[in-house]
Amino acid sequence: MKKIKNCEICDSKNLKHFRDLGRVGKPGEYGKLSICICFVCGHRFLNPRKSDNFFKKYYTKKYRKIAFGSFKPSNFYIKEQYKRSCGVMKYFKPKLKKGNFLDHGCASGATMLPWKETGWNVFGIDPHLPSVITGNNQFKLDIKHAFGEKMPFKKNFFETIMSLGSLEHSYDINKSLKEIYRVLKKKGKLIIRWRVDKIKGSPFEYYNHNHFRYFTKKTWRNILIKHGFKIKMFVSKKLEKYNTYSYILAQKENTSKKLIYDKNLYNELIIKNKIHDTNYLSFYNEFSKIKKINYDKLNKILKKYKKTNLNNHKEISFKRNILELTSFKKIRNKLNLNNASR
Ligand SMILES: [Zn+2]
């Protein structure tokens, strides 16, 4: 394990314990997950972490198998990715200049297809080799097997780079953003999809071992400014029909601005963290009183506790919620003990 001594964003050594429970394996597998928070800028990240080399191997081979149960992406997954990318493209297209396009962390590249079909010159990178091979063979795409920390492209090459969640997974986000800056053209655009910090599902899923950092708008602003980007807009529309996602459109600039630290963010996030856990506990308690759970009953209590409803892929969402709730049962006592001892 590698202990990170300085904040990823502001470099401060003033890091404090934030929480220690979250998902450590597949969905519903909960346990000790050590997350710290920076007292200066309020950035939260996984710490300690496994070594860079571990992640290189992990993402090359294991990731998709663990996440999706097989090495080859299913047809369902491919169709979903295609549809979702269409939603993103439709919204951002009028704000972009057509040209070279990079899908940063593209998997097998289904998200690249809508862009290719509308005349963009598309490229992809992904660390997962089987996905790269599938994308290159099945969809005839140009996907490089590479990590975001070192990309096989010339500088000032891309008009647009799209990152659908990849930056929360990257093992060195500073190197990754430096590389994005390098390969983007002057005034080139960066589209980022990230997970909103208003937790709509279980906090024990939100805080998990393969998302290394947990952003807010303020921490995004600082890390992007630090690397020479200007935020054009935050977009909270449901471009992929999921209300747990949010988007940023950023632009490569020449000058860098000063970072602004909100001193209240630290306290605000610590308080919110407790609220999220107690809210989930109350939600669980109400669920556990129901003798025979069904779709309508679950949806009713989801609504009451302001959780994501079951609209997208009803059956999958229903099963996932039940899995999360029954898994939570096993660790709920740990949560109580932790709260009582503080
Ligand atoms: Zn910091």
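Refer to the preceding data block for the structure.
Residues numbered from 1 in each chain as written. Predicted model: local features only at pLDDT ≥ 70, side-chain atom pairs only at ≥ 80, totals over all residues.

Draft legend 1. Spotlight on the pairing of strand E4 (residues 100–104). For E4, the buried fraction is high: four of the five residues fall into the buried class. Bridge count for E4 against strand E5 (residues 121–126) is five bridges, and the pairing is parallel. Pairing of Leu-102 across the sheet is with Phe-123, part of E5. In this structure, E4 lies alongside strand E7 (residues 158–164), joined through three bridges in parallel fashion. (Buried ≥ 20, exposed ≤ 12 C-beta atoms within 10 Å, placed from the backbone. Helix = DSSP H or I, 4+ residues; strand = E, 2+ residues; numbered from the N terminus. Pairing = 2+ DSSP bridges.)

Draft legend 2. The sheet that holds strand E3 (residues 44–46), seen in detail. Pairing within the open sheet is antiparallel, and its four strands lie in the order E1-E2-E3-E9. Of all strands in the sheet, those bounded by a partner on one side alone are strand E1 (15–23) and strand E9 (213–214). Sheet topology places E1 next to strand E2 (residues 30–38); seven bridges connect them, and they run antiparallel. Paired with His-17 across the strands is Cys-36, a residue of E2.

Draft legend 3. Focus on the environment of Gln-81. Mapped onto the elements, Gln-81 comes out in helix H2 (residues 75–92). In sequence terms Gln-81 and Leu-302 are 221 residues apart; their C-alpha atoms lie 26 Å from each other. Residues in contact with Gln-81, not counting those within four places in the same chain, are Ala-110 and Thr-111. (Contact = placed C-beta atoms within 7 Å.)

Draft legend 4. Representation of the sheet that holds strand E8 (residues 184–195) in the model. Overall, mixed pairing links the seven strands, which are arranged E6-E5-E4-E7-E8-E11-E10 in an open sheet. Among the strands making up the open sheet, the edge pair consists of strand E6 (143–145) and strand E10 (229–235). In this sheet, adjacent strand axes meet at a mean angle of 20° when their direction is disregarded. Strands in contact with helix H6 (residues 173–183) are E4, E7, E8 and strand E11 (245–252); relative to E8, the strand with the most contacts, it is inclined by about 140°. (Axes fitted to C-alpha atoms, helices over the stretch in contact; angles between N-to-C directions.)

Draft legend 5. Representation of unusual backbone geometry in the model. With an omega of 0°, the peptide bond running from Asn-47 to Pro-48 counts as cis. The backbone of Asn-156 sits at a positive phi, close to 50°, despite the residue not being glycine. One non-glycine residue, Lys-187, lies in the positive phi region at around 65°. Its location among the elements puts Lys-187 in strand E8.

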